[in-house]
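# Working through the structure, step by step
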Amino acid sequence: MSLETHAPAPAGAPLIHGEPLPLEFANTVLPVRGELRNGIGTPEQLAWWLTACGDRIATPLSGHVLHAITSADIEQFAALRHATRGLLDSRVHQCPPHPWDVALVNRVSSVGRPWPQLLWTDGAPPSVQDVCTAPPLVRVQVEIAHGLIELLSGGSGVELRACEAPGCVFFFDHTRSRRAWCSTGCGNRARVARHYARRQARSQAART
Ligand SMILES: [Zn+2]
C-alpha cells in the first residue's frame with residue numbers, strides 16, 4: 001500500500017472535495033442505489049483518505065500509524081461520521097438534533113485533551129510541556145469533532161449547505177463556490193434534470 005499523497009485511490013474510496021475537514025469527513029460516503037456505502041470502510045481506504053486530507057489534519061500521521069489501522073479504528077470513524085452527518089443534516093434542515101449524536105461528538109471532543117506537565121530538574125528552571133497520550137488516529141477524530149462543533153456553532157465562517165443535485169448526499173461550504181451544488185459534476189446533473197423536468201412538463205401540457 002502506497003501512502004504518498006498522490007497515490008491512486010483504492011477501489012471504493014471517497015471523492016475528495018477540498019471542503020473543511022468536518023465536511024470532507026461527512027462526505028466519506030458513496031451513494032449506491034439509494035444506500036450510503038462507507039468510503040473509508042477498509043484500512044487502505046481510511047489510510048488513503050487521511051493522507052489525501054493531510055493538508056487539513058494537524059496530527060502527524062506516520063506510515064507506521066497508517067499501516068496499523070484496525071477494524072476498531074474503522075468502527076470509531078464510522079460512528080463519528082454517523083453522528084456528524086446527523087448533526088449537519090439537522091443544521092441544514094433546521095430540525096432538532098438526535099441527542100445521541102450530540103453526546104457522541106462531545107465525548108470524542110473531550111478525549112485526549114493535552115495537559116500541562118511540569119518539567120523541573122536540578123540545574124534547570126521550571127518549565128511546562130503539553131502532553132497528550134491519545135493515539136494519533138484518536139487525535140484526528142478529536143480534530144474533526146472540534147472542527148464540527150465550531151462549524152455548527154457558527155464560529156468557523158463556513159456556510160453549511162447540502163448539495164441540491166438529485167441523489168447527491170454531500171455537504172459543502174457555500175462560501176467557497178456560491179453555488180447550490182457541491183461540484184461541477186453535480187451542477188451539470190442538476191441542470192440536465194431541470195431541463196428534463198421542463199421538457200416533461202411541456203409535453204404533458206401539450207397533451208392536455
Ligand atoms: Zn453534489
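So, a few notes on the structure that sits alongside this text. (Residues numbered from 1 in each chain as written. Predicted model: local features only at pLDDT ≥ 70, side-chain atom pairs only at ≥ 80, totals over all residues. Heavy atoms only, no water.)

## Focus: the environment of Ala180
Checked against the element boundaries, Ala180 lands in the loop between α7 (174-177) and α8 (184-207). When the C-alpha atoms of Ala180 and Ala162 are compared, they prove to be 8.1 Å apart, with 18 residues separating the residues in sequence. Sequence-distant contacts of Ala180, that is, excluding residues within four places in its chain, are made with Ala162, Cys163, Glu164 and Phe172. (Helix = DSSP H or I, 4+ residues; strand = E, 2+ residues; numbered from the N terminus. Contact = heavy atoms within 4.5 Å.)

## Section: the coordination of the zinc ion
Looking at the metal site, the zinc ion is ligated by Cys163 (SG), Cys168 (SG), Cys182 (SG) and Cys186 (SG), spaced 2.3 to 2.4 Å from it. In this structure, the zinc ion is coordinated by four donor atoms arranged in tetrahedral fashion, with angles at the metal of 106 to 115°. All donor residues of the zinc ion come from one chain, and their arrangement in sequence is C-x4-C-x13-C-x3-C. Note that Cys168 is positioned in the loop between β5 (160-162) and β6 (171-173) and Cys186 in helix α8, a separation of 18 residues in sequence. This pair shows no difference in class: Cys168 is buried, exactly as Cys186 is. (Donors = N, O, S within 2.8 Å, 3.2 Å for Na, K, Ca; no water. Tetrahedral: all angles 85-135°; square planar, octahedral: opposite > 155°, others 65-115°. Buried < 20%, exposed > 50% of the residue type's maximum accessible area, 1.4 Å probe, protein only.)

## What about a positive patch on the surface?
On the surface, Arg179, Arg191, Arg194, Arg198, Arg199 and Arg202 cluster together into a positively charged patch. Tracing the chain through its elements places Arg198 in helix α8. Taking relative accessible area as the criterion, Arg198 reaches 47% and is therefore assigned partly exposed. (Patch = residues over 30% accessible without salt bridge, like charges linked within 9 Å, V, L, I, M, F, W, Y side chains within 5 Å. Areas by Shrake-Rupley, 256 points an atom, 1.4 Å probe, with all protein chains shown as cover. Salt bridge = Lys/Arg side-chain N within 4 Å of Asp/Glu carboxyl O. Lys, Arg positive; Asp, Glu negative; His and termini not counted. Charge placed at Lys NZ, Arg CZ, Asp CG, Glu CD.)

## Brief notes about unusual backbone geometry
The phi dihedral of Arg33 falls on the positive side, at around 50°, and the residue is not glycine. Its place among the elements puts Arg33 in the loop between β1 (29-32) and β2 (35-38). Relative accessible area serves as the criterion here: at 79%, Arg33 is assigned to the exposed category. Not every positive phi belongs to a glycine, and Gln94 is a case in point at roughly 50°.

## Comments concerning the packing of aromatic side chains
With the rule as written, the count across this model stands at two aromatic pairs. An angle of 55° between the planes, with centres 5.8 Å apart, marks the rings of Phe25 and Trp49 as tilted. Within this pair, whereas Phe25 is found in helix α1 (residues 21-26), its partner Trp49 is found in helix α2 (residues 43-52), the two being separated by 24 residues in sequence. As far as the burial class goes, Phe25 and Trp49 line up, both buried. Pairing Phe25 with Phe77 gives two aromatic rings, centres 6.1 Å apart and planes at 65°, and the pair type is edge-to-face. Taken together, the residues Phe25 in helix α1 and Phe77 in helix α4 (residues 71-92) connect sequence positions 52 residues apart. You'll find Phe25 and Phe77 in the same group, each marked buried. The rings of Phe25, Trp49 and Phe77 are connected pair by pair, giving a single aromatic cluster. (Phe/Tyr/Trp six-rings, centres within 6.5 Å; stacked < 30°, edge-to-face > 60°.)

## Some words on the nonpolar core
Leu46, Trp49, Leu50, Phe77, Leu88 and Ile144 are the most contacted members of the largest nonpolar core, which has 35 residues in total. At the level of elements, α1, α2, α3 (63-67), α4, α5 (99-110) and α6 (136-152) are the ones that each hand at least two residues to this core. Those residues in contact with Phe77 that lie beyond four places of it in its chain are Phe25, Ile40, Leu46, Leu50, Leu137, Val140, Gln141 and Ile144. Within the second largest apolar cluster, 10 residues are counted, among which are Val29, Cys163, Ala165 and Cys182. (Core = buried A, V, L, I, M, F, W, Y, C linked by side-chain atoms within 4.5 Å.)

## Digging into the packing of α4 against α5
At a minimum axis separation of 9 Å, α4 and α5 run at an interaxial angle of 125°. In terms of axis orientation, α4 runs oblique to α5. Judged by the twist between their axes, the crossing of α4 over α5 is left-handed. Residues Ala79, Leu80, His82, Ala83, Gly86 and Leu87 of α4 lie in contact with α5, whose contacting residues are Asp101, Val102, Leu104, Val105 and Val108. Grouping the constituent residues of the contact of α4 with α5 by class yields eight nonpolar, two polar and one charged. (Axes fitted to C-alpha atoms, helices over the stretch in contact; angles between N-to-C directions. Parallel < 35°, antiparallel > 145°, perpendicular 65-115°, else oblique. Left-handed = near helix turned anticlockwise from the far one by under 90°. Nonpolar A, V, L, I, M, F, W, Y, C, P; charged D, E, K, R; others polar.)

## Section: the side chain of Thr59
Position of Thr59 among the secondary structure elements: in the loop between α2 and α3. Here Glu143 takes part through its side chain, which lies 2.6 Å from a polar atom of the side chain of Thr59. The residues touching Thr59, leaving out its near neighbours within four places in the chain, are Pro136, Arg139, Val140 and Glu143. (Polar contact = N/O pair within 3.5 Å; in protein donor to acceptor, adjacent residues only side chain to side chain.)

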